[in-house]
Amino acid sequence: MDLFEYMSQQTSEERSPLASRLRPETLDEVVGQEHIVGKDKLLYRAIKADKLGSIIFYGPPGTGKTTLAYVIANTTSSEFVKINATTAGKKDMEEVVNAAKERFGMYQKKTILFVDEIHRFNKGQQDYLLPFVEDGTITLIGATTENPYFEVNPALVSRSVIFELKSLNSDDIKKLILRAVNDEEKGLGAYGAKIDDDALEFLADTANGDARGALNAIELGVLTTERSEDGIIHITLEVASECIQKRVVKYDKNGDNHYDTISAFIKSMRGSDPDAAVYYLARMLYAGEDPKFIARRIMICASEDVSNADPQALVVAVNASLAAERLGMPEARIPLAQAAIYVATAPKSNSAIMAIDRALETVKTTATDPVPAHLQDAHYKSSAKLGRGIDYQYAHDFPNHYVEQQYLPDNLVDAQFYEAGEFGVEKEREERLRKIKGPKEKKIRKLGFES
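All chains use their own residue numbering, which begins from 1 and follows the written sequence. Local features in a predicted model are, by the rule used here, given only for residues with pLDDT of at least 70; side-chain atom pairs are given and counted only at 80 or more, and totals for whole chains, interfaces and linings are based on all residues. No hydrogens and no water enter the side-chain calculation; it runs on all heavy atoms of the structure.

Asks: Describe the pattern of salt bridges, with residues and values.
Replies: Between Lys or Arg on one side and Asp or Glu on the other, a salt bridge is scored when a side-chain nitrogen of the former is within 4 Å of a carboxyl oxygen of the latter. Inspection of the entire model under this criterion finds 10 salt bridges. With a shortest N-O distance of 3.5 Å, Glu-79 and Lys-109 are connected by a salt bridge. A residue pair is termed long-range when its members are at least 10 positions apart, and Glu-79 in strand E2 (residues 79-84) and Lys-109 in the loop between helix H6 (90-107) and strand E3 (111-116) qualify at 30 residues. Under the relative-accessibility criterion, Glu-79 is labelled partly exposed at 28%. With a closest N to O distance of 4.0 Å, Asp-171 and Lys-174 form a salt bridge. With Asp-171 and Lys-174 both in helix H10 (residues 170-182) and three residues apart, the pair spans about one turn of that helix. Helix numbers and strand numbers start at the N terminus; a helix is a DSSP run of H or I with at least 4 residues, a strand a run of E with at least 2. Throughout this description, buried means an accessible area under 20% of the type-specific maximum (1.4 Å probe, protein chains only), exposed means over 50%, and partly exposed covers the range between.

Given below as structure tokens:
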């Protein structure tokens, strides 16, 4: 490298974005992804021992795929070559492969090829790499935001270890932001900036696991905010909001706003107001609430407040929870909204929760009489001699698949825990039971319950 090349490289590094300058150079500097780079994990051990095989990093933007590739580059004794699948063609790959063959033949030095956005390669381009990965001419490191099992040649996938990177959590993002603000060598420490706690919390939440987005925002804030009278650049909540172009919503995940909003969300669904339900859902999602938490509340409401008036409400809520977890944000907003609207517009009944709570109270406060003898298990030898299962009447042998017999213990023979609701499917089923059983006097009060 001559003087001009050196000066050009130095200038390029100084002008590069903060996220690029702060890239870790060693494994110990990596933040997050403990499930794959923890000290007892396979990838950590392989990088440290410089015994890496072909791998594919898969995960959302800003989670550290390229970062890990550069850590490997700084650690390995192999030659590290990078190409980007969005701009590289077959000629570029041929040059890499030929150089790799020559390098190994002359110096016994291996070559690691890092292909960013590998899913952008077409099938022919991916096929070209296959024999050279197979014979060890190159060790492949691919990075993709798309599922490699769908977007990458199955033959390449089968010869690689897939490592899925997760979105960084809020604490990880905070560490990176503070490192950016305070690091005088590679970060913004020389500017003498200070970030307020609420601004730090806001940026970490709104980054939604994307470290690059958070670092770009803090860089913009430091470079465009004037110094205060004390000579310090203060990154306040207002500045943070402007830098990431997102309005601040008052929503403390551990405080009153959190509980007030989720309470209003549930009560809106219970009160059959789909507009209010979807509004509070939007407030929570915008503020960065965990979709899994929201999904759990919808499932509870579907069972507690809709219950058997529309049994499909719980089916919709459970499937929305699964869909939200598998899709992730922002797509998760759609099944969550679908479920919230379904629950809000469904007929309502609280019969299930009332029934189980009455039954639990009875179990807690009354003696536990034996199960009636005719209901006891009769599937073992000598059970008949003990009088167990005798005189049990099989319901399917009778008209309407119903026969009147005692099911509750003797001390609760007249107890009624379940009181059917008056709407939807539950009403239809209650009418069917009345037809085959005849009218039944309410006896809930007998046990001290309010009907």
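The discussion continues.
Asks: Give me the side chain of Gln-33: which residues, what numbers.
Replies: Turning to its location among the elements, Gln-33 is positioned in the loop between helix H2 (18-21) and helix H3 (34-37). For Gln-33, a relative accessible area of 6% gives the class buried. Among the polar contacts made by the side chain of Gln-33, one reaches the main-chain carbonyl oxygen of Lys-166 at a distance of 2.6 Å. Contacts are assigned to residue pairs with any non-hydrogen atoms lying within 4.5 Å of each other. With residues near it in sequence (within four places) discarded, Gln-33 still touches Gly-38, Thr-63, Leu-165, Lys-166 and Leu-168. Whenever a nitrogen or oxygen atom comes within 3.5 Å of another N or O atom, the pair is scored as a polar contact, on the condition that within protein one atom can donate a hydrogen and the other can accept it, and that pairs from neighbouring residues in sequence are kept only if both atoms are in side chains.

Asks: How would you sum up helix H15 (residues 274-286)? Please name residues and give values.
Replies: In this model H15 runs 18 Å from its N-terminal to its C-terminal C-alpha over 13 residues, within 8% of the 18 Å that 1.5 Å per residue would give. Within the sequence span of H15, burial applies to Ala-276, Ala-277, Leu-281, Met-284 and Leu-285. Its side-chain oxygen 3.2 Å from the backbone nitrogen of Asp-275, Asp-273 forms the N-cap of H15. Positioned one or two residues after H15, Gly-288 has a phi angle of 95 degrees, which is positive. The length a helix should cover is 1.5 Å for every residue beyond the first.

Asks: Could you give an account of the side chain of Asp-116, with specific residues and numbers?
Replies: You can see Asp-116 is positioned in strand E3. Buried within the structure, Asp-116 lacks any salt-bridge partner; its nearest side chain of opposite charge belongs to Lys-82, at an N-O separation of 4.5 Å. Residue contacts for Asp-116: discarding those within four places in its chain leaves Thr-66, Lys-82, Ile-83, Asn-84, Ala-85 and Ala-143. Asp and Glu count as negative and Lys and Arg as positive, but His and the ends of the chain are not part of the count.

Asks: Give a description of the sheet that holds strand E4 (residues 139-144) that names residues and reports values.
Replies: Hydrogen bonds along the backbone pair up the strands of a sheet, which may run parallel or antiparallel. Note on pairing: DSSP must find at least two bridges between two strands before they are called paired. With parallel pairing, the five strands of this open sheet are ordered in space as E2-E3-E4-E1-E5. Two strands lie at the open edges of the sheet, namely E2 and strand E5 (161-164), each paired on one side alone. Direction aside, the axes of adjacent strands within the sheet are offset by 15 degrees on average. Across the sheet, helix H5 (residues 65-75) lies against strand E1 (55-58), E2, E3 and E4, angled at about 145 degrees from E1, the strand it touches most. Each axis is a line fitted through C-alpha atoms, and for a helix only the stretch in contact is used; angles between axes span 0 to 180 degrees, taken between their N-to-C directions.

Asks: Could you give an account of a nonpolar patch on the surface, naming the residues involved and the relevant values?
Replies: Like charges within 9 Å and nonpolar side chains (Val, Leu, Ile, Met, Phe, Trp, Tyr) within 5 Å are joined into patches, using only residues over 30% in relative accessible area that form no salt bridge. Calculation of accessible area relied on Shrake-Rupley with a 1.4 Å probe; when residues are assessed, cover is drawn exclusively from the protein chains displayed. Taken together, the side chains of Val-278, Tyr-279 and Ile-341 present a nonpolar region at the surface, about 240 Å² in accessible area. Tracing the backbone through its elements, the reader meets Tyr-279 in helix H15. Residue classification places Tyr-279 among the partly exposed residues on the basis of a relative accessible area of 44%.

Asks: Mind laying out the environment of Pro-274, listing which residues take part and the relevant values?
Replies: The topology assignment puts Pro-274 in helix H15. Given a relative accessible area of 23%, Pro-274 falls into the partly exposed group. Setting aside residues up to four positions removed in sequence, Pro-274 forms contacts with Ile-341, Ala-344 and Thr-345.

Asks: So what's going on with the layout of surface pockets? Residues and values would help.
Replies: Cavities and pockets are found on a 1 Å grid laid over the protein atoms alone: a cavity is a set of points where a 1.4 Å probe fits but cannot escape, a pocket is an open set with protein on both sides within 12 Å along at least five of seven lines, and a lining residue has an atom within 4 Å of such a point. Grid points are joined across faces, edges and corners, and a volume is the space filled by probe spheres set on the points. Considering only enclosed or pocket space, the largest pocket measures out at about 1400 Å³ in volume. Forming the walls of the largest pocket are 41 residues, and the residues nearest its centre are Ser-167, Asn-208, Pro-291, Gly-328 and Met-329. For the lining of the largest pocket, the secondary structure elements donating two or more residues are helix H11 (197-206), H15, helix H16 (291-306) and helix H17 (312-327). Of the residues forming the lining of the largest pocket, the biggest block, five residues, is contributed by H17. Any residue outside Ala, Val, Leu, Ile, Met, Phe, Trp, Tyr, Cys, Pro, Asp, Glu, Lys and Arg is labelled polar, Gly included; the first ten of those are nonpolar and the last four are charged. Taken together, the residues that form the lining of the largest pocket break down as 17 nonpolar, 12 polar and 12 charged.

Asks: Give a detailed account of unusual backbone geometry, specifying residues and quantitative values.
Replies: The omega angle of the peptide bond from Met-329 to Pro-330 is 10 degrees, so this bond is cis rather than trans. Along the polypeptide, Pro-330 turns up in the loop between H17 and helix H18 (333-345). The phi torsion at Glu-117 lies on the positive side, around 55 degrees, for a residue other than glycine. Mapped onto the elements of the fold, Glu-117 is located in the loop between E3 and helix H7 (123-134).

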